[in-house]
Amino acid sequence: QVQLAESGGGLVQAGGSLRRSCAASGSIFSINGMGWYRQAPEKQRELVAGITRGGSTNYADSVKGRFTISRDNVKNTVYLQMNSLKPEDTAVYYCNAEVTVVAGTTFITGDYWGQGTQVTVSS
């Protein structure tokens, strides 16, 4: 099995910064795409930022220029640096990874999620 352990997050004033991290562990053969999603109250979960194993990134328009996603393939960890935070960034943030595991003589690829952490930006 695979576990994604998130850290960081919390309460910050508008204009401030936070850094999130998410470490994958378990019977991992390889990790493909990794990303961060968020879900605000009464809204659908949305992609915030994604990164491929090779380092190509994509961002939601609302966070471009403020958030930076990165990853450490040796540590199986993805990071999200959030700067110039706004009240509308308030949400529960989840990390996500597409992971290939070894199951006996078979490789199985699945989608895994972190537990989610609240980020609150006060005005």
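Check the entry above for the structure.
Note that the structure is predicted; figures quoted are calculated from it, not measured.

**Q** Just to check I follow, could you spell out unusual backbone geometry for this structure?
**A** Excluding glycine, residues mostly carry a negative phi; peptide bonds, for their part, are mostly trans. One non-glycine residue, asparagine 76, lies in positive phi territory at about 55 degrees. The backbone phi angle of serine 84 is positive, close to 50 degrees, even though this residue is not glycine. Along the chain, serine 84 falls in the loop between strand 8 (77-82) and strand 9 (91-103).

**Q** I tried to follow the pairing of strand 11 (residues 117-122) on my own but got confused; where do I start?
**A** The side chains of a regular strand alternate, residue by residue, between the two faces of the sheet. Of the two faces of strand 11, only the one carrying Thr117, Val119 and Val121 is buried; Gln118, Thr120 and Ser122 on the other face are not. Here strand 2 (residues 10-13) runs beside strand 11; their pairing, made up of four bridges, is parallel. Pairing of leucine 11 across the sheet is with threonine 120, part of strand 11. Pairing analysis gives three bridges linking strand 9 to strand 11, with the strands arranged antiparallel.

**Q** Is there a simple way to explain the packing of aromatic side chains in this structure?
**A** The relative placement of two aromatic rings is captured by the distance of their centres and the angle of their planes. Scanning the model with the defined rule gives three aromatic pairs in all. Seen in terms of ring centroids, tyrosine 37 and tryptophan 113 are 5.0 Å apart; in terms of plane orientation they differ by 65 degrees. Their pairing is edge-to-face. Separated by 76 residues along the polypeptide, tyrosine 37 in strand 4 (residues 28-39) and tryptophan 113 in strand 10 (residues 106-113) bring together distant segments of the chain. Residue classification places tyrosine 37 among the partly exposed residues on the basis of a relative accessible area of 23%. Taking NZ or CZ as reference, arginine 45 lies 3.8 Å from the ring centre of tyrosine 94, over its face. Across from the ring centre of tryptophan 113, 4.7 Å away, lies the NZ or CZ of arginine 45, which sits over that ring.

**Q** Honestly, the environment of glycine 26 in this entry has me stumped. Any pointers?
**A** Tracing the sequence through the fold places glycine 26 in strand 3 (residues 18-26). On the basis of relative accessibility, which here comes to 49%, the residue glycine 26 falls in the partly exposed class. Distance from glycine 26 to glycine 104, taken between C-alpha atoms, is 14 Å for residues 78 residues apart in sequence. When near neighbours in sequence (up to four residues on either side) are disregarded, glycine 26 contacts Gln1 and Gln3.

**Q** Can you walk me through the state of the cysteines in this structure?
**A** Cysteine pairs can be covalently joined through their sulfur atoms, and such a bond is termed a disulfide. Counted by the stated rule, this structure contains one disulfide. Across the disulfide, cysteine 22 is cross-linked to cysteine 95 (sulfur-sulfur distance 2.0 Å). Taking the sign of the S-S torsion, 45 degrees for the link of cysteine 22 and cysteine 95, the bridge is right-handed. Of this pair, cysteine 22 sits in strand 3 while cysteine 95 is found in strand 9, placing the two residues 73 residues apart along the sequence. Side by side, cysteine 22 and cysteine 95 carry an identical accessibility label, which is buried.

**Q** Where do I start with the sheet that holds strand 7 (residues 67-72) in this structure?
**A** The strands making up a sheet associate through backbone hydrogen bonding, with each pair oriented either parallel or antiparallel. Read from one edge to the other, the open sheet built from four strands follows the order 1-3-8-7, with strand pairing classed as antiparallel. The open sheet has two free edges, formed respectively by strand 1 (2-7) and strand 7, since each of these has just one partner strand. Here the strands of the sheet are splayed against their neighbours by 15 degrees on average, with no regard to which way each runs. Note that strand 3 and strand 8 share six bridges and pair antiparallel. Within strand 8, the residue paired with arginine 19 across the bridge is glutamine 81.

Cut-offs and rules
- Sequence positions are assigned chain by chain, starting from 1 and proceeding in written order.
- Note on the predicted model: pLDDT of at least 70 is required for a residue's local features to be given, and 80 or more for side-chain atom pairs to be given and counted; whole-chain, interface and lining totals, by contrast, use all residues.
- With hydrogens and water stripped out, all remaining heavy atoms of the structure feed into the side-chain values.
- Counting from the N terminus, the helices are DSSP H or I runs at least four residues long and the strands are E runs at least two residues long.
- Only protein chains enter the accessibility calculation, which uses a 1.4 Å probe. A residue is then buried if its area is under 20% of the maximum for its type, exposed if over 50%, and partly exposed in between.
- Between any two strands, at least two bridges found by DSSP are needed for them to pair.
- Paired rings are identified among Phe, Tyr and Trp, the last through its six-membered ring, by centres lying within 6.5 Å, and are further divided according to the angle between planes into stacked (under 30 degrees), edge-to-face (over 60) and tilted (the rest).
- We call a charge positioned over a ring when the NZ of a Lys or the CZ of an Arg lies within 6 Å of the ring centre and within 35 degrees of the ring normal.
- What makes two residues a contact is simply this: any of their non-hydrogen atoms within 4.5 Å.
- The disulfide criterion used throughout: a pair of cysteine sulfur atoms within 2.5 Å.
- Only the stretch in contact is used when a helix axis is fitted, and all axes are lines through C-alpha atoms; the angle between N-to-C directions ranges over 0 to 180 degrees.

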